[in-house]
Amino acid sequence: MTECERLELFHSGEDISAYSFFGCHAVGNGCYVFRVWAPHAHSVSVVGDFNGWDDSASVMTRLSDGESFFVEISAAEGDRYKFCITTFDGRKILKADPYSFRSDFPASSSSVIYTSLRANPRLEAEEGEQPVNIYEVNLLSWKKHKDGSYYTFKQLTKTLVPYVKSMGYTHVEFMPVTEYPYDGSWGYQVTGYFCVTARLGTPADFAELVQAFHDSGIRVILDWVPAHFPKDDFALYEFDGQPLYECPLWDNMEHSGWGTRRFDYGRGGVDSFLLSSAAYFIDMFAVDGLRVDAVAAMLYLDYDRGAGQWTPNEYGDNRNLAAIEFIKKFNTKIKSAFAGATTFAEESTAFAGVTSAVEDGGLGFDYKWNMGWMNDVLFYCRQDPIYRHYHHQKITFSMMYSLNERYVLPLSHDEVVHVKGSIVNKMSGEYDAKFATMRALLGFMYAHPGKKLNFMGYEIAQFSEWDYRKGIEFFLKKYEKHRKMSVFVKQLNSFYRQCKPLYSIETDWKGFEWLVVDDVVNNVLAFNRYDNDGNCLLAVINFSGIMQPNYRFGQHKGKYRLVLSSDSVRYGGDGATYKRVLTTQRQQSHGKEYSLILDIPKLTCLYFIKEK
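Model, not experiment: these values are computed from the prediction. Along each chain, the written sequence defines residue order, and numbers are assigned to residues from 1. In view of the model being predicted, local features appear only for residues whose pLDDT reaches at least 70, and side-chain atom pairs are presented and counted only at 80 or more, with totals across whole chains, interfaces and linings using the full set of residues. Computation of side-chain values covers all heavy atoms of the structure but excludes hydrogens and water.

**Student:** Help me understand the overall build of the protein chain, please; the structure alone is not making it clear to me.
**Tutor:** Only DSSP runs of H or I with at least four residues qualify as helices, and only runs of E with at least two residues qualify as strands; both kinds are numbered from the N terminus onward. The secondary structure content of the protein chain amounts to 11 helices and 30 strands. Only C-alpha atoms enter the radius of gyration, while the globule expectation follows 2.2 Å times N to the 0.38, with N the number of residues. Scaling as 2.2 N^0.38, a compact globule of 612 residues should have a C-alpha radius of gyration of about 25 Å, and the protein chain matches this with 27 Å. If one aligns the C-alpha atoms of the protein chain with their principal axes, the spans along those axes are about 90 × 55 × 40 Å. Residue exposure (1.4 Å probe, protein chains only): buried if accessible area is under 20% of the type maximum, exposed if over 50%, otherwise partly exposed. Considering the protein chain as a whole, with its 612 residues, one finds that 60% of them fall into the buried category. In the protein chain, 71% of the contacts between residues at least 6 apart in sequence involve partners at least 24 apart. Accessible surface for the protein chain amounts to roughly 23400 Å². Of this, 50% is attributable to carbon and sulfur atoms. Positive and negative charge centroids in the protein chain, built from 65 and 75 side chains respectively, lie 9 Å apart. Only heavy atoms matter for contacts: two residues are in contact if any of them lie within 4.5 Å across the pair. Using the Shrake-Rupley algorithm and a 1.4 Å probe, accessible areas are obtained, with residue cover drawn only from the displayed protein chains. Only four residue types enter the charge count, namely Lys and Arg as positive and Asp and Glu as negative; His and the chain termini do not. Where a charge lies is defined by one atom per residue type, namely NZ (Lys), CZ (Arg), CG (Asp) and CD (Glu).

Next comes the structure, spelled out in structure tokens:
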């Protein structure tokens, strides 16, 4: 492809490999070519270790598009550099390379020459409906050394990978590892869209971490942030002296609540930049999926804005049409270029068709986070069991819409910060009741339609909220209740992977059947899950604070064998005695000719398999 053709593709907004053209690339014999897009610049030069940071030593020449610049110079791997941009009003500003593969953080905000990364082999796409059980991780705070320093990518390869494998997760999701200056942003205010954070090691070290997960049969999802970027003066912010990557219009430029800028979707160079960032991590590191952060902030013109602070679109409503088209383009191009790559939307509204195909008018994501389910069930579990009957719809309402999209049920990092309380600490009651309710909640979650995601630390029932400055409190496993919660989660993960009815049919009523949905007095739920072969799992959950003896409900004729009880002593429960195999009786209940009768321990989830 000629230079003119390459630039034409870039400006068309269709380029998914702009990182192979822009930025810094070795051309042999110790020489490197630098290219940068800066249409509003009067002139640009490269400054760095190789020229004593002299802005007159390496002046760049305009490329054929008149908007981009290049220069070829002698340098070395590991040299630091920046672009010195002279604006049209005569200012000189120093900017990190938007396409750099390494940064000098925390020593400086400079980019670093790095051209040695080689692409990881990608895992083959899986066929058919698969179990998806995600362990969400902040790599900077999963574990910390005693002196407070981070575990590096290499150390995480030796510790995190075997831990995730031993606990039985199918996927791991990293909160953003793209470079960012402020730890307190958790990685969501990105300044390096092609950099893995230098805090933890090199890009090659990160590639080894991803490969180690793949070698253990675990797929890797990366959080990706195309909704906004921070206003650090060395990064994308008014890159060439004027708005370039951000929308230039006053009513769509800022995310005031976050103190960040919105991308200018629909501008060819911006679209190509973002598409290429997404493709880079799939292509070079072989990550298996991208979770797109803050999709709602992209979809709506009035997101985080009051009356008079936004302008309706051409149809008079609040949809951000350019952002919607960008999202569709992102999903179309990623799926076309990388077979089996999976995309997830963190989308908190009722926007229709998030997981519908683009050709059918949808956004094209594979999965959407079910924020409604998360908010409802956590609200419900905070209530004292005595009062839960007033809020019964909170625990059942999700099935009114859960089959309309392909969902992930998330108990994510956002739910265990900012004085919201950890998962176990959200549960109502005293110490034992909190653990019992959490086990019942997890049992309900794993049986409910939708893939699963849980944030690190929940598996040991950490009482403290997540603090990005500290590691997870794994010392709690010295204590019985916490250790047994870990055993329960591990067993639940294992059972989920092995039980096809729990994941085979997620968007059709033939995979789900309510048995008890309206028992607001006793706080009991019962439902069946089915796979494509008709195999049945029965889930029974008692969210009340008392035993429900001789509880009868309608069920299809047959024998049902108990396969998991969250009340088991092994998991920290009371170990109430009950029959291991139940046989239906020919007595009508809940509209069925046959019924089961059983004792249901308080705050307990029970799983039964129908025997053939």
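**Student:** I tried to follow the side chain of Asn528 on my own but got confused; where do I start?
**Tutor:** Mapped onto the elements of the fold, Asn528 is located in strand E24 (residues 524-530). Only 3.0 Å separates the side chain of Asn528 from the side chain of Tyr530, close enough to count as a polar contact. Contacts described as polar in this section are N or O atom pairs within 3.5 Å, which, within protein, must combine one atom able to donate a hydrogen with one able to accept it, while residues neighboring in sequence count only if both atoms come from side chains. Of the polar contacts made by the side chain of Asn528, one reaches the side chain of Gln555; its length is 2.9 Å. The contact partners of Asn528, leaving out residues within four places of it in the chain, are Gly511, Phe512, Glu513, Leu515, Cys536, Leu537, Leu538, Gln555 and His556.

**Student:** Whenever I open this one, unusual backbone geometry confuses me. Can you help?
**Tutor:** For residues besides glycine, phi is generally negative; the peptide bonds are generally trans as well. A cis amide bond links Phe105 with the next residue in sequence, Pro106, at an omega value of 5°. Residue position: Pro106 is located in the loop between strand E8 (102-103) and strand E9 (111-112). Phi is positive for Asn523, which is not a glycine, with a value near 55°. Counting through the fold element by element, Asn523 comes out in the loop between strand E23 (512-519) and E24. At Leu603, a position not held by glycine, the phi torsion is positive, near 45°. Looking at the secondary structure, you find Leu603 in the loop between strand E29 (595-600) and strand E30 (604-611). For Leu603, a relative accessible area of 6% translates into the label buried.

**Student:** Please explain the sheet that holds strand E17 (residues 260-262) as it appears in this structure.
**Tutor:** Sheets are built from strands that pair by backbone hydrogen bonding, the pairs being arranged parallel or antiparallel. Between any two strands, at least two bridges found by DSSP are needed for them to pair. As summarised here, the arrangement of the three strands in space is E15-E17-E16, forming an open sheet in which the pairing is antiparallel. The outermost strands of the open sheet, each flanked by one partner alone, are strand E15 (228-230) and strand E16 (254-255). Inspection of the sheet shows E16 paired to E17 by two bridges, in the antiparallel sense. Within the sheet, the bridge partner assigned to His255 lies in E17 and is Thr260.

**Student:** What's the story with the pattern of salt bridges in this structure? I'm lost.
**Tutor:** Two side chains with opposite charge may pair up if their charged atoms get near one another. Whenever a carboxyl oxygen of Asp or Glu lies within 4 Å of a side-chain nitrogen of Lys or Arg, that contact is scored as a salt bridge. Enumeration over the complete set of coordinates arrives at 37 salt bridges. The residue Glu14 makes a salt bridge to Lys333 at a minimum N-O spacing of 3.0 Å. With a gap of 319 residues between them, Glu14 in the loop between helix H1 (3-12) and strand E1 (23-28) and Lys333 in helix H6 (residues 321-337) connect regions that are remote in the sequence. Under the relative-accessibility criterion, Lys333 is labelled partly exposed at 22%. For Lys484, the salt bridge is made with Glu480, and the minimal N-O distance between the two is 2.8 Å. With Lys484 and Glu480 both in helix H11 (residues 480-498) and four residues apart, this pair spans about one turn of that helix. Judged by relative accessible area, which is 16%, Lys484 ranks as buried.

**Student:** Would you take a moment to explain the sheet that holds strand E10 (residues 133-137) for this structure?
**Tutor:** Judged by pairing direction, the barrel is parallel, and its eight strands sit side by side in the order E10-E11-E14-E18-E19-E20-E21-E22 before closing back on the first. Mean inter-strand twist for the sheet, computed between neighbouring axes without regard to direction, equals 25°. Convention adopted: a line fitted to C-alpha atoms gives each axis, helices being fitted over their contacting stretch, and angles between N-to-C directions are expressed from 0 to 180 degrees.

**Student:** Hey, could you run me through the nonpolar core in this one?
**Tutor:** One recurring pattern in soluble globular proteins: nonpolar side chains tend to sit buried together. Side-chain atoms within 4.5 Å are what join buried Ala, Val, Leu, Ile, Met, Phe, Trp, Tyr and Cys residues into a set we call a nonpolar core. In terms of nonpolar packing, the biggest core is built from 177 residues, with Phe34, Phe174, Tyr193 and Tyr245 touching the most fellow members. Considering every element that reaches this core, the biggest residue donor is helix H4 (residues 268-285), with 11 residues. In contact with Phe174, other than residues within four places in its own chain, are Val137, Leu139, Leu160, Phe206, Leu209, Phe213, Val220, Ile221, Leu222 and Asp223.

**Student:** Quick question: what am I supposed to make of helix H2 (residues 153-167) here?
**Tutor:** Residue pairs spaced three or four apart in an α-helix point in one direction, given the helix's 3.6 residues per turn. Multiplying one less than the number of residues by 1.5 Å gives the expected span of a helix. Spanning 15 residues, H2 covers 20 Å between terminal C-alpha atoms, matching the ideal 21 Å at 1.5 Å per step. The angle separating two fitted axes, one through the seven residues that finish at a residue and one through the seven that start at it, defines the bend at that residue. Along H2, the largest kink reaches about 30° and is centred on Thr159; proline Pro162 follows within four residues of it. Each element contacted by the buried residues of H2 is listed here: E10, strand E11 (171-174), strand E13 (192-196), helix H3 (203-215) and H11. One or two steps after H2, the chain reaches Gly168, where phi turns positive at roughly 90°.

**Student:** When you look at the environment of Asp205 in this model, what are you seeing that I'm missing?
**Tutor:** Relative to the assigned elements, Asp205 resides in helix H3. Once you skip the residues sitting within four places of it in the chain, Asp205 turns out to touch Phe153 and Lys154.

**Student:** Just to check I follow, could you spell out the packing of helix H7 (residues 371-382) against helix H10 (residues 431-447) for this structure?
**Tutor:** Working note: a packed helix pair is described by the angle between its axes plus the distance between those axes. Their axes nearest at 11 Å, the elements H7 and H10 cross at an angle of 150°. Put simply, H7 runs roughly antiparallel to H10. As H7 packs across H10, the resulting crossing turns out to be right-handed. Of the residues in H10, those in contact with Trp373, Val377, Leu378 and Cys381 of H7 are Thr437, Leu441, Phe444 and Met445. Here the contact of H7 with H10 is built from residues that sort into seven nonpolar, one polar and no charged. Oblique is the label for every angle not falling under 35 degrees (roughly parallel), over 145 degrees (roughly antiparallel), or within 65 to 115 degrees (roughly perpendicular). Each crossing gets its handedness from the near helix: less than a right angle anticlockwise from the far helix is left-handed, clockwise is right-handed. Under the scheme applied here, ten amino acids are nonpolar (Ala, Val, Leu, Ile, Met, Phe, Trp, Tyr, Cys and Pro), four are charged (Asp, Glu, Lys and Arg), and all others, including Gly, are polar.

**Student:** In this structure, what is going on with the side chain of Ser595? I would like to understand it.
**Tutor:** Mapped onto the secondary structure, Ser595 falls in strand E29. Judged by its relative accessible area of 0%, Ser595 falls in the buried class. In this structure the side chain of Ser595 is engaged in a polar contact, spanning 2.7 Å, whose partner is the side chain of Arg552. Residue contacts for Ser595: discarding those within four places in its chain leaves Arg552, Phe553, Gly554, Gln555, Thr584, Gln585, Gln587 and Ser589.

**Student:** Is there a simple way to think about the packing of aromatic side chains in this case?
**Tutor:** Geometry of aromatic contacts follows a simple scheme: Phe, Tyr and Trp rings, the Trp one being its six-membered ring, pair when their centres are within 6.5 Å, and the pair is stacked under 30 degrees between planes, edge-to-face over 60, tilted otherwise. Counting across every chain of the model gives 57 aromatic pairs. Relative to Tyr99, the ring of Phe22 has its centre 5.5 Å away and its plane inclined at 25°; by these criteria the two rings are stacked. Placement of the pair is Phe22 in the loop between H1 and E1 and Tyr99 in the loop between strand E7 (92-95) and E8, with a sequence separation of 77 residues. With a relative accessible area of 1%, Phe22 lands in the buried category. The ring of Phe21 carries Arg35 above its face, with NZ or CZ at 4.2 Å from the centroid. For Lys143, the ring lying beneath its charged end belongs to Phe474, and the centroid distance is 5.4 Å. Any Lys NZ or Arg CZ found within 6 Å of a ring centre and within 35 degrees of that ring's normal is scored as a charge over the ring.

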